[in-house]
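For reference, the chains in residue letters:
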Amino acid sequence: MSGKITNDEEEEMREIFGRIDVNNDGKICDSELECLLRDAGHSLPGFMVRGIIEKLDHYEDSTISFEEFWAIVRDLRSSQIAKSFRKAINRKEGILAIGGTSELSSEGTQHSFSEEERVAFMNWINSALEDDPDCKHVLPMDPDTDSLFTVVGDGIVLCKMINLSVPDTIDERTINKNKPGPFKIQENLNLALNSASAIGCHVVNIGALDLKAGKPHLVLGLLWQIIKIGLFAGIELSKNEALAALLRDGETLEDLMKLSPEELLLRWANFHLENAGCQKINNFSSDIKDSRAYFHLLNQIAPKGTKDDEPLIDINMMGLNETDDKLRAESMLQQADRLGCRQFVTPADVVKGNPKLNLAFVANLFNKYPALTKPENEDIDWGLLEDETREERTFRNWMNSLGVNPHVNHLYNDLHDAMVILQLYDKIKVPVDWTNKVNKPPYPKLGTNMKKLENCNYAVELGKSANFSLVGIGGQDLNDGNATLTLALVWQLMRRYTLNVLEELGEGEKVNDHIITNWVNKTLKEAGKSARISSFKDKEISSSLPVLELIDALHPNSINYDLVETCNLSEDGKLANAKYAISMARKIGARVYALPDDLVEVKPRMVMTVFACLMARGMKRV
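Everything numeric here is computed off the predicted structure, so don't read it as measured data. (Residues numbered from 1 in each chain as written. Predicted model: local features only at pLDDT ≥ 70, side-chain atom pairs only at ≥ 80, totals over all residues. Heavy atoms only, no water.)

A word on the overall build of the protein
Item 1. A tally of regular secondary structure across the protein gives 27 helices and 4 strands.
Item 2. For the protein, buried positions account for 53% of its 622 residues.
Item 3. Excluding contacts between residues fewer than 6 apart, the proportion of contacts in the protein whose partners are at least 24 apart in sequence is 60%.
Item 4. Of the roughly 28100 Å² that the protein leaves accessible, carbon and sulfur atoms contribute 48%. (Helix = DSSP H or I, 4+ residues; strand = E, 2+ residues; numbered from the N terminus. Buried < 20%, exposed > 50% of the residue type's maximum accessible area, 1.4 Å probe, protein only. Contact = heavy atoms within 4.5 Å. Areas by Shrake-Rupley, 256 points an atom, 1.4 Å probe, with all protein chains shown as cover.)

Details of the pattern of salt bridges
Side chains that carry opposite charge are capable of pairing whenever their charged atoms lie near each other.
Item 1. Taken as a whole, this structure holds 31 salt bridges when the rule is applied.
Item 2. Of the charged contacts, one joins Asp146 and Arg118 as a salt bridge, the two residues approaching to 3.4 Å between their closest N and O atoms. Here the residue Asp146 occupies a position in the loop between α6 (115-128) and α7 (148-151), and Arg118 occupies one in helix α6, the gap between them amounting to 28 residues.
Item 3. Classification of Arg118 by relative accessible area gives buried; the value is 4%. (Salt bridge = Lys/Arg side-chain N within 4 Å of Asp/Glu carboxyl O.)

Points about helix α18 (residues 390-401)
Item 1. The terminal C-alpha atoms of α18 lie 16 Å apart, and with 12 residues this matches the ideal 16 Å at 1.5 Å per residue to within 8%.
Item 2. In terms of burial, α18 is a largely internal element, 9 of the 12 residues being buried.
Item 3. Glu392, Thr394, Phe395, Arg396, Asn397, Trp398, Met399, Asn400 and Ser401 are the residues of α18 that are buried. (Expected span 1.5 Å × (residues − 1).)

Things to note about the nonpolar core
Item 1. Judged by nonpolar contacts, the single largest core of 92 residues is most densely connected at Leu148, Leu265 and Trp268.
Item 2. The dominant element in this core, judged by the number of residues it contributes, is helix α11 (residues 216-232), at 10 residues.
Item 3. Among residues more than four places away in sequence, those in contact with Leu265 are Phe232, Ile235, Phe284, Leu359, Val362, Ala363 and Phe366.
Item 4. Among the nonpolar cores identified, the runner-up in size contains 81 residues, and Ala418, Val511, Leu554 and Val600 belong to it. (Core = buried A, V, L, I, M, F, W, Y, C linked by side-chain atoms within 4.5 Å.)

Remarks on the layout of surface pockets
Item 1. Roughly 840 Å³ of internal volume is contained in the second largest pocket.
Item 2. Elements represented by at least two residues in the lining of the second largest pocket include exactly α9 (182-198), α18, α22 (483-505) and α27 (604-621). (1 Å grid on protein atoms, 1.4 Å probe; cavity = no way out; pocket = protein on both sides within 12 Å on 5 of 7 lines; lining within 4 Å. Points joined across faces, edges and corners; volume = space filled by probe spheres on them.)

Some words on the packing of aromatic side chains
Item 1. Considering all chains together, one arrives at 7 aromatic pairs under this definition.
Item 2. Relative to Phe366, the ring of Trp268 lies with its centre 5.3 Å away and its plane at 90°, an arrangement referred to as edge-to-face. Of this pair, Trp268 sits in helix α13 (residues 261-275) while Phe366 sits in helix α17 (residues 355-368), placing them 98 residues apart in sequence.
Item 3. For Trp268, a relative accessible area of 0% puts it in the buried group.
Item 4. Lys374 extends its terminal NZ or CZ atom over the ring of Trp382, reaching a point 4.4 Å from the ring centre. (Phe/Tyr/Trp six-rings, centres within 6.5 Å; stacked < 30°, edge-to-face > 60°. Lys NZ or Arg CZ within 6 Å of the ring centre and 35° of its normal.)

Quick word on the side chain of Asn176
Item 1. Note that Asn176 resides in the loop between α8 (156-165) and α9.
Item 2. A relative accessible area of 11% places Asn176 in the buried class.
Item 3. Of the polar contacts made by the side chain of Asn176, one reaches the backbone oxygen of Lys184; its length is 3.1 Å.
Item 4. Residues in contact with Asn176, not counting those within four places in the same chain, are Ile156, Lys184, Glu187, Asn188 and Lys587. (Polar contact = N/O pair within 3.5 Å; in protein donor to acceptor, adjacent residues only side chain to side chain.)

Quick word on the side chain of Arg586
Item 1. Structurally, Arg586 can be placed in helix α25 (residues 571-587).
Item 2. Excluding its chain neighbours within four sequence positions, the residues that come into contact with Arg586 are Thr169, Asn190, Leu191, Asn194, Ser195, Ala198, Val592, Tyr593 and Ala594.

Looking at the confidence of the model for the protein
Item 1. Averaged over the protein, the pLDDT score is 88; the fraction of residues at 70 or greater is 83%.
Item 2. Segment residues 78-82: pLDDT under 50, and 5 contacts once partners within four positions in sequence are set aside and those in other chains are kept.
Item 3. Contacts for the low-pLDDT stretch residues 97-108, under 50 throughout, to residues beyond four places or in other chains number 24 contacts. (pLDDT = per-residue confidence, 0-100.)

A word on the packing of α6 against α11
Item 1. Look at α6 against α11: their axes get within 11 Å of each other, and the N-to-C directions meet at 50°. Between α6 and α11, the angle falls in the class oblique. As α6 packs across α11, the resulting crossing turns out to be left-handed. Side by side, α6 and α11 meet where Glu117, Arg118, Phe121, Trp124 and Ile125 of the first sit next to Leu220, Leu223, Trp224, Ile227 and Leu231 of the second. (Axes fitted to C-alpha atoms, helices over the stretch in contact; angles between N-to-C directions. Parallel < 35°, antiparallel > 145°, perpendicular 65-115°, else oblique. Left-handed = near helix turned anticlockwise from the far one by under 90°.)

Structure follows, in structure tokens:
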């Protein structure tokens, strides 16, 4: 921990913090730390654990946020406290310590990875892609080996997993298949990484070479993000109105919409446990270790055969009488297997209370057997349920790809205290006075909204100092979740972030729409291409031909024009071209967040980001 702390080390600390934060609430409490230390062979009495918390807890809320944790690591680099966290993590049963995978490896940097996660992810991939002919050369993997870390090396499996989590993210025509060579492998890995970023994965400090080399902690970290996005995709009220059955007395649909997927899963499990007359659980770690809650949950969600096309699966509850925890867990998983849901956890994972894998296990149960009925004839305002727009999804994924904390699940609800917006200001190099101007959560019981509103006012103040156009936008609008005005600010943050990348590559030279347009046309002309654009509103962009020709100008012969529709384009033809163009842009190394429909409909904001990202790629090449 001596010398300058690198980005790799910060990423590792985020992983470590995530392992300690077993209930995923963004904070470490004494019970979580005590559990970690006990499992790591460092069992301490409660008062000593609380003493560690007090040393780290700057905000006097009896918990540690990542900011507090990271500040201690930065400021007290050699402190025994910082060492104890690393030592506990690396000694925890099931966590393997391996040599570092950055340039600091030779200096003794270590990264940890979980054997349980390796096995769970291998089994999930084997099952998910077992019928995919493009993966037959590497699947199925033997869970008793480390083949996962070599299997991802050609990028094909990663691309396939991304498409399973978010269908049609990657145009299959752009994946290099059939035993690709080194250059084609590099393209596949670029495609996978940039596509993962586009769906909201945090891929900072992960490069194609890291994946090709099969660096375990990076491979597992990326795979978990991809798998989690897929598992959580349907745990959303707008996609599953039956979740409204989880409403409690006095709650509105809007209250339920504010819950994260993790919180909804916990409420769903408790809904069924309550119906079974069982005690509720508070987490998917310590509270499920004896498997009893799982037994009752399986019994509640199993098909009852009450419909003509529904089978009857009668859960055998005899395993509840088993006295050994691990044998009881095995009996429970045998019943889960009858539902086709024996995934992610082993009996040991259940007994240990592995939070990540148990969360995945429960999410898979929900996706296959939600066992909920949409409430009827109740005073529920269904008009509140609106599908997320493409623009909202793009902004949300962009934020999450930058590693904001907390993770943004619902754009307006999760921005209403401005904490995420303030982090984005940091990303665009607008200084934030975190010490004197920002109210950090958890907020006091009295005056909570006032503290959040003060943050929102500060966010608007910073925007004005950054010369954003914020006429008619106040802190109250962010706090209220005003969609139009919140998006206006978020767009300017994303635009500034994109232009900053170009300015850094251009050694500080200012960039605007006119400069980008001129660069695009100049590059096309010099490459002998016929396409041109007059602006980001040019209707010719709807064909995606200017984008495809620009990609081919940057990487000659990369576009297969046999796959491109050029004459009398139908709407389907335009969309096919756009899908190909977006994936090809990512394949050559451009981190594009826009979606194919943005090109077809010529959405100027998103079109601008596409050309700006391609310009950045072209400048890197030079």
